[in-house]
Every structure is written in C-alpha cells, then in structure tokens.
Amino acid sequence: MARTHSEIPLLDLTLAQRDRPAFLAQLRDMLVAGGFVYLTQTPVPPAAVDRMVASTAQFFDLPTAVKDAVDMNGSAHFNGYLRKGAAENPIREQFNYGDEHVALEAGAPEYHKIHGGTPWPDDALFPGCRAAMAEYYTHLKRLSVQFTRDVAEALGLAPDALEPLFEADVARRQLRCKILRYPACPPATTGFVPHTDSNFLTYLLQASDEPGLELRKPSGEWFPAPPIPGTFIVLVGRVLEKVTRGLLKAPLHRVVSPTQGTRYSVGFFQGVAMDTRIADANFEFPQTLLDIKRARQEREGDETEYADRMPAGEVVLNFKLKAHPLVAYRFYPTLFPNFYPDGLPERYANLVH
Ligand SMILES: O=C(O)CCC(=O)C(=O)O
Ligand SMILES: [Fe+2]
C-alpha cells in the first residue's frame, strides 16, 4: 500500500528553480505553521546519504573500548562519543563531529574554544566511514548555506539578509554533526526528552526505518514525524525563533525509543557565528508576516527563552557546560565554579584524581 503523508509538510527543493514564488510561499507557510519541513529532492546525492547511513551503524558497532577511547569528556570542543548510560545520555549513544582545522586566535574569548577538532577512531577500524561522514558533512554544509538564503527570501528579506549572522568564512561556521543510536526498549520509554533545539536550523536524517521522533503541535498535541526515505527534516531552532522575534517558533520535539529494532538518526546543527548577539540583529519583515506574528502571539503567548544579549557562542558554551560537568572541569577551569560551586557532582568523582 502506498504511504500517504497528508499531515506532513513535504517541500520539493527542485521547485526552488522551477517556480520560485510557489516554492517560497510553501516554505513560508510550512515554517510559520509548524516550524519544520521535510525537504525532498535535495542536491545531497542519495549515494552519499547511503554511505552516511552505513557509516553511522558501523561506528556504533565498533567495540566499546574503541568508542570510549574517543570519549567526548576528553574534548574541549564537545566532540566525540557519549556512551549510553552516561548521565547526559541515559538511553541513547551519540557521537559528535565537526570541522577539523580552526585554530583559536590569541586572546579569543573562552567560548571560541567550543569550535575545534574531533577525536576519531583509527580509520582502519571502520574503513571509509570517516571519509563518508566528512563527505556528508560537506553536502549538508552546502545545503545549509543555500537553504538559509531560501528561508530569508521566504520571510520577505533579501536572499543574503541573514548572512551577517554567520561567519563570513564558511569553513569557520558553527556546524556540528551528531549521530545517534537508540536501542530497542520497553514500550513508551523516552529515548530523548522533549526539547527545542537551541541553534539556528537543524537538518535531521532519520537513518533507519524505526519511527520514534515526535513533534508537538501549537495545540499541544504530539504527532509522529516518521522517517521518509529521501528526506531531511528541517527544524527551526531557538536562535531563528529569536531572530524572527517569534514569527517562527522552534517546535518542541522528543524521541520515543523503538520497541523492536534499533533506531539511528543523524542531526546536522547549524548555529550562528560565535560573536553574534541576536538582540543586535534587526530585520524588516513585511507587514503581512508581522500581522501573522501578532495573531500567533495573542494565541500562543511569548517566545521561548533565549539570552539574546549574550554572544551566541557564550549561550552555547553555557548550555554545554551545564550538560557536561567533566568537560567543564577539565577544559574550562575558570568557568567551572560558576556552574558547579560545590565541585563535581558525586557520580564523576571516581573519574578524576
Ligand atoms: O533522534 C532524533 O531524530 C532527534 C534527536 C534530537 O532531537 C536532538 O538530538 O536534538
Ligand atoms: Fe532536537
């Protein structure tokens, strides 16, 4: 039986060239309505996606000792592996990676340290996988650059209007890829708690057939966002919500653990430049959009919290230091006491001397 997706906002990216006004109208309506779209027919080659999917599974199939050797708690940049059962990650396993090369300038603020390399397992242990993951990252980076222009136009701005929010040098942008594995669990086990993403836009590839991702409608009802082959789900994050002063809303989402097979997912997180202060960004949206926004705020109340006067990198760092006490202890000793005035939480005590 053919599957139908009548509730799901599917957006064909090839329409962007074929009928730009129709494409922009659809994009605007989908983003305003739910804060997310399923992109189909993207320029990311299906073979590159297939290699990414296969490499994700191969990474998690590596022996535990190999994965633990690239522990995120050994990285100042919050890259590497988080095992299942870690306090930060009770149910799922995770591996974060990003760009390799960006050196820290002398005298840079502490939060610039979030951007940096990734500890990788030896290539020989999962041949070709690191290259496939880097290839995927490059494609997603390109997609994010073009899609940001599309979003700007859909919001009635010039295509390059949002560019000043980002590092001009694409190689220095705040991008991160996160691969995830959720094991089968008893029914109704939470795989990942309800949250909004804190970044600008997230591009999710559901890398297996297992369902589990759910989004919340403005009415409060949860609905499934199933994997649809050949698509990426793009989610509005809190930064974009704040940039649009609440015209777009970051959707709450969660993951219900699979009950049968293993679920894999790959998130590509696009952030703004570390030094950007969102409060300084002022865009002139068309009156039609401002009217939609006013009506929505009367209905749904105010925007999600975001510290818009702080540099975006500092917001990210604070958030990550709260989530990763050991990284805070090891790599951010001057900031550590602000977050942990009583020292490291008990459960980490045996890990440090
Ligand atoms: O597993 C997924 O598909 C989504 C994960 C997620 O929302 C996140 O890590 O922010
Ligand atoms: Fe998320």
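Source: prediction; values computed, not measured. One numbering rule holds for all chains: residues counted from 1, following each sequence as written. Here the convention is simple: chains get letters from A, ligands get numbers from 1, in the order in which they are written. Under the rules for a predicted model, residues below a pLDDT of 70 receive no local features and side-chain atom pairs below 80 are neither given nor counted, while totals for whole chains, interfaces and linings still include all residues.

## Concerning the site of ligand 1
For each residue, a C-beta atom is positioned from the backbone; the residue is called near a molecule or strand if that atom sits within 6 Å of it. Close to ligand 1 lie L180, F192, D197, L204, Q206, L213, H253, V255, S265 and G267, which account for all nearby residues. Counting from the N terminus, the helices are DSSP H or I runs at least four residues long and the strands are E runs at least two residues long. For the shell around ligand 1, the elements supplying multiple residues, two or more each, are β7 (201-206), β11 (253-256) and β12 (263-271). Per-class residue counts for the shell around ligand 1 are five nonpolar, four polar and one charged. Asp, Glu, Lys and Arg are counted as charged, while Ala, Val, Leu, Ile, Met, Phe, Trp, Tyr, Cys and Pro are counted as nonpolar; the rest, among them Gly, fall into the polar class.

## Focus: the sheet that holds strand β8 (residues 213-216)
Hydrogen bonds along the backbone pair up the strands of a sheet, which may run parallel or antiparallel. When DSSP locates at least two bridges between a pair of strands, those strands are taken to pair. Spatially, four strands are ordered β6-β11-β8-β9 in an open sheet, and the strand pairing comes out antiparallel. One side of each edge strand has no neighbouring strand; the edge strands of this open sheet are β6 (190-195) and β9 (222-224). Each strand of the sheet is rotated relative to its neighbour by a mean of 25°, with strand direction disregarded. Orientation is described by lines fitted to C-alpha atoms, with helices fitted over the stretch in contact, and by angles between N-to-C directions that extend from 0 to 180 degrees.

## Details of the UniProt feature "domain: Fe2OG dioxygenase" (unreviewed entry) in the chain
UniProt positions are given in the numbering used here, feature names are shortened, and annotations may be inferred rather than shown by experiment. The feature "domain: Fe2OG dioxygenase" (unreviewed entry), as given by UniProt, occupies residues 173-272 in the numbering adopted here. Between the end C-alpha atoms of residues 173-272 there is a gap of 7 Å, over a span that is 6% helix and 46% strand.

## Digging into the pairing of strand β10 (residues 232-236)
Buried residues dominate β10, accounting for five of its five residues. A two-sided burial pattern is seen for β10, the buried positions comprising F232, V234 and V236 on one face and I233 and L235 on the other. Across four bridges, the pairing between strand β2 (residues 36-40) and β10 is antiparallel. Bridging across to β10, V37 finds its partner in V234. Direction of pairing for β7 relative to β10: antiparallel, over a ladder of four bridges. Looking at the pairing, T202 lines up with L235 of β10. Three exposure classes are used, all based on how many other C-beta atoms lie within 10 Å of a residue's own C-beta (placed from the backbone): buried at 20 or more, exposed at 12 or fewer, and partly exposed between those limits.

## Things to note about the packing of helix α3 (residues 46-60) against helix α5 (residues 129-154)
Across the interface, α3 lies against α5 with an axial gap of 8 Å and an inter-helix angle of 130°. Taken together, the axes of α3 and α5 are oblique relative to one another. Handedness of the α3/α5 crossing: left-handed. Between α3 and α5, the residues in contact are A48, R51, M52, S55, Q58 and F59 and C129, A132, M133, E135, Y136 and H139, respectively. Under this scheme an angle from 65 to 115 degrees is roughly perpendicular, one under 35 degrees roughly parallel, and one over 145 degrees roughly antiparallel; angles in between are oblique. Note on convention: the crossing is left-handed when the near helix lies turned anticlockwise from the far helix by less than a right angle, right-handed when the turn is clockwise. Whether two residues are in contact is decided by their C-beta atoms, placed from the backbone, lying within 7 Å.

## Remarks on the nonpolar core
Soluble globular proteins tend to pack their nonpolar side chains together in the buried interior. Each nonpolar core consists of buried Ala, Val, Leu, Ile, Met, Phe, Trp, Tyr and Cys residues. Their C-beta atoms, within 7 Å, join them into a set. With 84 residues, the main nonpolar core has V37, Y203, I233, V234, V236 and V239 as its most contacted residues. Of all the elements, α5 adds the most residues to this core, at nine residues.

## Description of the sheet that holds strand β1 (residues 10-12)
Pairing is mixed across the open sheet formed by eight strands, whose spatial order is β1-β2-β10-β7-β12-β5-β4-β3. Of all the strands in the sheet, just β1 and β3 (80-82) have a single pairing partner and so form its edges. Here the average twist between neighbouring strands, direction ignored, is 25°. Bridge count between strand β4 (residues 93-97) and strand β5 (residues 174-182): five bridges; the pairing is antiparallel. The residue of β5 that forms the bridge with Y97 is C177. Running over the sheet, α3 touches β4, β5, β7 and β12 and is turned about 110° from β12. Those strands touched by α5 are β4, β5, β7, β10 and β12, and its axis lies near 135° from that of β7.

## Some remarks on unusual backbone geometry
Backbone geometry follows two general trends: most residues other than glycine have a negative phi, and most peptide bonds adopt the trans configuration. With a phi close to 55°, Q41 is a non-glycine residue in the positive phi region. For A188, which is not glycine, the phi torsion reads 70° and is therefore positive. For A188, the location among the structural elements is in the loop between β5 and β6. On the basis of neighbour count, A188 is assigned to the exposed category, with 8 C-beta atoms found within 10 Å.

## Brief notes about the pairing of β12
Of all nine residues that make up β12, nine are buried, and the element is covered over most of its length. On β12, burial covers both faces: R263, S265, G267, F269 and G271 on one face and Y264, V266, F268 and Q270 on the other are all buried. Note: β5 against β12, nine bridges, orientation antiparallel. Counterpart to K178 in the pairing with β12 is G267. The pairing of β7 with β12 spans six bridges and is classified as antiparallel. Bridge pairing in β12 links T202 to F269.

## Structural notes on helix α8 (residues 312-323)
Over its twelve residues, α8 extends 17 Å from the first C-alpha to the last, a length consistent with the 16 Å expected when each residue adds 1.5 Å. Each element contacted by the buried residues of α8 is listed here: α6 (238-243), β12, α9 (325-331) and α10 (336-339). A helix's residues, less one, multiplied by 1.5 Å, set its expected span.

## A short note on the environment of G107
Among the secondary structure elements, G107 is positioned in the loop between β4 and α5. G107 sits 181 residues away from T288 along the chain, and the two C-alpha atoms are 45 Å apart.

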